[in-house]
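Topology and contacts: notes
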Amino acid sequence: MALQPIQIICNACHHTSTEIPTRSFLGFQKISCPHCHAQLTYPLTSGFRATYAIFAVLIILSIMLNLSQGQIGFPGLIGIAMIYALVRDWQIRKQLK
Ligand SMILES: [Zn+2]
């Protein structure tokens with residue numbers, strides 16, 4: 001899945017440019033500023049966000065199911081990583097506004 005070029009404004013030097021991002025671990029879009037080489041992180045693409053959101057709901061449902069049976073469920077490492085990615089994505093999008 002190829003990433004689309006996105007318009008960036010560098011946090012460090014305020015250089016604006018249109019660059020093709022690379023994908024980081026967990027699916028965030030990473031770009032290095034062509035002017036000062038600062039590493040910029042951009043939000044998840046919509047496909048990743050939707051996938052993580054669906055899994056997060058399933059994980060929460062399975063934890064609640066476990067709790068209703070008197071057991072304590074844990075989301076597991078993958079679940080924690082997905083929930084972390086959603087929170088991080090939300091923070092990045094808030095910063096960009
Ligand atoms: Zn820069």
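**Section: the coordination of the zinc ion**
Binding of the zinc ion to the protein goes through Cys10 (SG), Cys13 (SG), Cys33 (SG) and Cys36 (SG), at separations of 2.3 Å. One way to put it: the 4 donor atoms around the zinc ion meet at angles of 107 to 114°, and that makes the site tetrahedral. The sequence motif formed by the donor residues of the zinc ion is C-x2-C-x19-C-x2-C. With cysteine 10 in the loop between strand 1 (6–9) and strand 2 (16–19) and cysteine 36 in the loop between strand 4 (29–32) and strand 5 (39–42), the pair connects residues that are 26 residues apart, well separated along the chain. Residue classification places cysteine 10 among the buried residues on the basis of a relative accessible area of 1%. Judged by its relative accessible area of 32%, cysteine 36 falls in the partly exposed class.

**Focus: the domain arrangement of the chain**
Annotation of the chain at the domain level lists domain 1 (1–42) and domain 2 (45–97). With 9 residues of domain 1 in contact, the opposing surface of domain 2 contributes 10 residues. On the domain 1 side of the interface with domain 2, the three residues burying the most area are Leu26, Phe28 and Tyr42, jointly 60% of the side's total. At the junction of domain 1 with domain 2, the criterion picks out 0 salt bridges. In this assembly, domain 1 and domain 2 are joined by 2 residue pairs in polar contact (both at pLDDT 80 or more). Among the residues forming the side of domain 1 that touches domain 2, the class breakdown is 5 nonpolar, 3 polar and 1 charged.

Rules used in this analysis
Numbers given for residues are sequential positions, taken from 1 along each chain in its written order. The predicted nature of this model means local features are confined to residues of pLDDT at least 70 and side-chain atom pairs, given and counted, to a pLDDT of 80 or more, with totals for whole chains, interfaces and linings taken over all residues. As a rule here, side-chain values come from all non-hydrogen atoms in the structure, and water together with hydrogens is ignored. As a rule, N, O and S atoms within 2.8 Å of a metal are its donors, except that Na, K and Ca use 3.2 Å; water is not among the atoms, so sites may look incomplete. Geometry is assigned from donor-metal-donor angles: four donors are tetrahedral when every angle falls between 85 and 135 degrees, four are square planar and six octahedral when opposite donors sit over 155 degrees apart with all other angles between 65 and 115, and any other arrangement is irregular. Runs of H or I in DSSP of at least four residues are treated as helices and runs of E of at least two as strands, each being numbered from the N terminus. Using a 1.4 Å probe on the protein chains alone, a residue whose accessible area is under 20% of its type maximum counts as buried, one over 50% counts as exposed, and one in between counts as partly exposed. Domains are outlined according to an automatic or database domain assignment. It only takes one pair of heavy atoms within 4.5 Å for two residues to be counted as in contact. What gets called buried area is simply the loss in accessible area from a 1.4 Å probe that two parts show on being joined, summed for both. Just to be clear on terms, a salt bridge is a Lys or Arg side-chain nitrogen sitting within 4 Å of an Asp or Glu carboxyl oxygen. Any pair of N or O atoms that falls within 3.5 Å is considered a polar contact. Within protein, one atom must be able to donate a hydrogen and the other to accept it, and sequence-neighbouring residues count only if both atoms are side-chain atoms. When residues are sorted by character, Ala, Val, Leu, Ile, Met, Phe, Trp, Tyr, Cys and Pro go into the nonpolar class, Asp, Glu, Lys and Arg into the charged class, and all the rest, Gly among them, into the polar class.

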